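Letter by letter, the chains look like this.
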Amino acid sequence: MDNKQFPDGEEIIPEALTFTPAEPDAPIPEEEAPDFDSSEEAVPPDSASEEDMPVIEEIPQTEPAAEEEAAEPASEENTAEPAPEEEAAEPASEENTAEPAPEEASPDGQGIPETPRSDAEEVSVQESASADRGKSFMERIPDVGEDAPSHDGLTEPEVGSELTPDSHALDSHGMLEHGQEEPPFDMSILDDPELQEVLEEQMPEEEPQEDSQEYRDNPAEPEPAPEQPAASRMRPVRKGRPKKRGGEGLFGIPHILVTIVWLALIVVIGVTLGRMIWVCASDVLAFGREDKPVTITIYESDTMEDITEKLYDAGLIRYRSLFNFYASISDAKEDIDPGIYDLNTRYDYHALVNMMSARSTREVVKNLLIPEGYTCRQIFALLEENRVCTAQDLASYAASGELKDYWFLENVQRGDKYCLEGFLFPDTYDFYKNSSPREVLEKLLDNFDHRFSEEMRAQIDNLNATVTDGSFTVREVTIVASLIEKETAAAGESPRIAGVIYNRLFRWDYPALLNIDAAIIYAQDGVSDHIDTSLDSPYNTYRNVGLPPTPIANPGLASLQAALNPEAHDYYYYVLNPATGMHQFSTTQEEHEQYRAQFAAEAAAARQSEEE
């Protein structure tokens, strides 16, 4: 029964009330029969006897669909004794109309079968229901007359009377048994803060619901019964992690201590990072460096790690890893060129890289003279001395570097660092500082190609026809020219010395031993203090017949011309006269030995006179 009272003056259209007679043979147990005063509570439906519960005719429903449903059994709320006459009967609520009523039971326990209706009766019932829709509640109640049987205490409700709740129905519908007092609620349970916090976290937000007691025109649509609230005495189970105590942080450490530790870490990290940044910046920007010039040499084969190590050893940088990092992000390897560089310890990283680039400072070395008769070793050292290119890079590139296709190198075997001996033409050149080895070598070889003209190439054929056995090429001519270059004391002697060499090679009855000391000196890497005629070397012309395997120097143009056009004579020997600085030529060995003894005695007398 709904406890909500309807406001005065509002038209009340209650649902049809249905009553079911009690079973005639169902006795009421003594222990269950309630003892109550009729003035205080309504009589429960179970306490009424068959004689006291007359059958009240069923009032037809206002809707046609309701006629098809079975009559609802009387519940505890709609079968109770009515309130006093001044209280009006309450309309059926959603609680007693939510669920469809089961079929009425007969006195003997059997269900009453539904009498089938004819089509005419069905139409009559629908018309009667339609006509009753516009009538009020009292007008739709059939007149049963004064003599109609009525239930004890059940009176007709008066229109406009006040509706009050049935206290017995409320007690029967509650959680307590009849007559049992509700124990007092322990209010101290609600004071637990942990319980309040758990309840606030676990209890979902309640959505506003429509008033379940609102009167509805269609009682046939049942609504789910409201859930029974949990007993207030039951404490909910605590879930989740326990609440931390106030003032404590990680591992139970107080918050103030954690804050101090974090601040200390931040300060230490900040100071450390600041110092590292300053140290790195001072090295990158060369802060506080002294003014000290340094010269380093970068070779073609050097890697970035080798360059970094050289800069570190020279005191130009302090941290290898820092410079390597700078070189990696700035592509310094692409900018650094091989060469010899004058640097300063006050240069920062950017200046160091720029100064080691040949493209940034293309300083020219002008009028560099390469003397006639210089060997490759001497030429490479001279170029390095003048910062043109390093001797190491020149020797390495001469052995295996890619060069132009020169005709005079056709029979030259590459692989040795001095394999270009004889073809690096001596002359005066202009070079860029820190040039590449290919640029330097090709400039020298281009000059040889230019100086050895087509006329000179034709003279090789004439030489083979008149002097040699026909096997000479430009390579053999260059070897002879190198021997002439190293043995000649003056330019006028070159054709005569060339004649002595060819006479020994092709006109001598003895083995063709040239006995030229310059070849042994070449085999001794230029050391001329002592000539070892017993040296086991292909360049020892005292033991090996014929020409040495390669030129022993880079001859000039005069020596090349003399090798192509030797003087015709019968000389086979020559010896240097120290007094004149010229050679004395001889036909026989006896004459040659006399000149040697004479020049030796004169040299001894000159030394003795100098000592006196």
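First, a word on scope: everything that follows refers to the structure included in this document. Small disclaimer: the values here were computed from a predicted structure and weren't measured.

Focus on the side chain of Thr-308
Stage number 1. Looking at the secondary structure, you find Thr-308 in helix H8 (residues 304-313).
Stage number 2. Judged by its relative accessible area of 2%, Thr-308 is buried.
Stage number 3. In this structure the side chain of Thr-308 is engaged in a polar contact, spanning 2.7 Å, whose partner is the side chain of Asn-324.
Stage number 4. The contacts of Thr-308, once residues within four sequence positions are left out, are Ile-317, Arg-320, Phe-323 and Asn-324.

Observations concerning the pattern of salt bridges
Stage number 1. What the rule picks out here adds up to 13 salt bridges.
Stage number 2. For Lys-433, the salt bridge identified is with Glu-363, shortest N-O distance 3.3 Å. Within this pair, whereas Lys-433 is found in the loop between strand S4 (428-432) and helix H14 (437-451), its partner Glu-363 is found in the loop between helix H11 (349-355) and strand S3 (364-369), the two being separated by 70 residues in sequence.
Stage number 3. Two residues, Lys-404 and Asp-446, come together in a salt bridge whose shortest N-O distance is 3.4 Å. Of the two residues, Lys-404 sits in the loop between helix H13 (391-400) and S4 while Asp-446 sits in helix H14, which places them 42 residues apart along the sequence.
Stage number 4. Residue classification places Lys-404 among the partly exposed residues on the basis of a relative accessible area of 43%.

Focus on the pairing of S4
Stage number 1. Burial along S4 is one-sided: the face carrying Tyr-429 and Phe-431 is buried and the face carrying Thr-428, Asp-430 and Tyr-432 is not.
Stage number 2. Taken together, the four bridges between S3 and S4 define a ladder with antiparallel strand orientation. Bridge pairing in S4 places Val-364 opposite Tyr-432.

Overview of helix H17 (residues 494-506)
Stage number 1. When the terminal C-alpha atoms of H17 are compared, their 18 Å separation across 13 residues agrees well with the 18 Å that a helix rising 1.5 Å per residue should span.
Stage number 2. Counting buried positions along H17 gives ten out of 13 residues, so the element sits mostly inside the fold.
Stage number 3. Along H17, the residues that are buried comprise Ser-494, Ile-497, Ala-498, Gly-499, Val-500, Ile-501, Tyr-502, Asn-503, Arg-504 and Leu-505.
Stage number 4. Lining the buried residues of H17 we find helix H15 (454-466), helix H16 (474-487), helix H19 (557-564), strand S5 (573-577) and strand S6 (582-586).

Conventions used here
- Residues numbered from 1 in each chain as written.
- Predicted model: local features only at pLDDT ≥ 70, side-chain atom pairs only at ≥ 80, totals over all residues.
- Heavy atoms only, no water.
- Helix = DSSP H or I, 4+ residues; strand = E, 2+ residues; numbered from the N terminus.
- Buried < 20%, exposed > 50% of the residue type's maximum accessible area, 1.4 Å probe, protein only.
- Polar contact = N/O pair within 3.5 Å; in protein donor to acceptor, adjacent residues only side chain to side chain.
- Contact = heavy atoms within 4.5 Å.
- Salt bridge = Lys/Arg side-chain N within 4 Å of Asp/Glu carboxyl O.
- Pairing = 2+ DSSP bridges.
- Expected span 1.5 Å × (residues − 1).

On their own, these measurements won't tell you what the molecule is for.
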